Amino acid sequence: MMWFNLMSIRLKAAFGLVLLTLFILIIGGINYLALDRLQGNTQQFAGTLMPGLGVVINGDRDLYQALSAQQEYLLVQGKGEKAAAFKQDFNENAQQAKERMEKFIGMMAAYPEVTRQLDAFPTLFQQWQTQAAQVFVLTDQGQYDEALRLHAQLEEKFSALREQYNKAGELDEELAGDLRLASDQMADSSQSWTLGLL
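What counts and what doesn't
Residues numbered from 1 in each chain as written. Predicted model: local features only at pLDDT ≥ 70, side-chain atom pairs only at ≥ 80, totals over all residues. Heavy atoms only, no water. Salt bridge = Lys/Arg side-chain N within 4 Å of Asp/Glu carboxyl O. Helix = DSSP H or I, 4+ residues; strand = E, 2+ residues; numbered from the N terminus. Buried < 20%, exposed > 50% of the residue type's maximum accessible area, 1.4 Å probe, protein only. Core = buried A, V, L, I, M, F, W, Y, C linked by side-chain atoms within 4.5 Å. Patch = residues over 30% accessible without salt bridge, like charges linked within 9 Å, V, L, I, M, F, W, Y side chains within 5 Å. Areas by Shrake-Rupley, 256 points an atom, 1.4 Å probe, with all protein chains shown as cover. Expected span 1.5 Å × (residues − 1).

**Some words on the pattern of salt bridges**
Taken as a whole and judged by the stated rule, the model has five salt bridges. As a salt-bridge pair, Lys 87 and Asp 140 come within 2.8 Å of each other at their nearest N and O atoms. In this pair, Lys 87 sits in helix H3 (residues 81-107) while Asp 140 sits in helix H5 (residues 121-140), placing the two residues 53 residues apart along the sequence. For Lys 87, a relative accessible area of 29% gives the class partly exposed. As a salt-bridge pair, Glu 146 and Arg 149 come within 3.8 Å of each other at their nearest N and O atoms. Here Arg 149 and Glu 146 lie together in helix H6 (residues 144-197), a separation of three residues that amounts to about one turn. By relative accessible area, which is 35% here, Glu 146 ends up partly exposed. Looking at Arg 149, the relative accessible area reads 47%, which means it is partly exposed. The network of salt bridges with common partners includes Arg 61, Asp 62 and Arg 100.

Here it is, written out as structure tokens:
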């Protein structure tokens, strides 16, 4: 520190200003990086995860509405003016349920650990939809008892398909939780660095 004592007051003041400027730049850089990451996490949360959860919830609702429409169709035994509306409701809701899950899987393309767990969806949906359509065919052919039996057998396929929607929602929520934890850790780390430099 002998060299510092030999410096003129002007150099000592300049040295202090340079040091202060360096600290400000370092702290600013650390905070900039932290804010940039936090902004990215916020965009990911608001732009992907929350809308994704909404898509899954609506898809699950559509799936249940399709089931309800089929049950209503069976109750009227495929006859009367409401039967055609129930059949149309089934078809529309089943299609919407499928499209919403496909949309969710597309939204989660950046997360293969999520999409990989939903690989069974296309097969499960196709199996359920094919047999569910057969319930309408049997009912239309007057084979009401067979249609009821098939509808009862479909419960297991429906439950397996419904579990895919449930799993999608859980995975979305898990990602959101991980993102929040990472954001909290990032904020804490930035604050620690800032306080440590001061």
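**Comments concerning the nonpolar core**
Membership of the largest hydrophobic core comes to 38 residues, with the highest contact counts inside it found for Phe 90, Phe 104, Val 114, Trp 128 and Tyr 165. Mapped onto this core, the elements with two or more residues apiece are helix H2 (9-75), H3, H5 and H6. No other element matches the 11 residues that H6 contributes to this core.

**Observations concerning a nonpolar patch on the surface**
Nonpolar side chains collect at one region of the surface, where Phe 15, Val 18, Leu 19, Leu 22, Phe 23, Leu 25 and Ile 26 lie side by side and expose about 610 Å² of accessible area between them. Relative to the elements of secondary structure, Leu 22 occurs in helix H2. Judged by relative accessible area, Leu 22 falls into the partly exposed class, the value being 45%.

**Looking at H3**
In this model H3 runs 40 Å from its N-terminal to its C-terminal C-alpha over 27 residues, within 8% of the 39 Å that 1.5 Å per residue would give. Taken as a whole, H3 has its buried residues at Ala 83, Phe 86, Phe 90, Asn 93, Ala 94, Ala 97, Met 101 and Phe 104.

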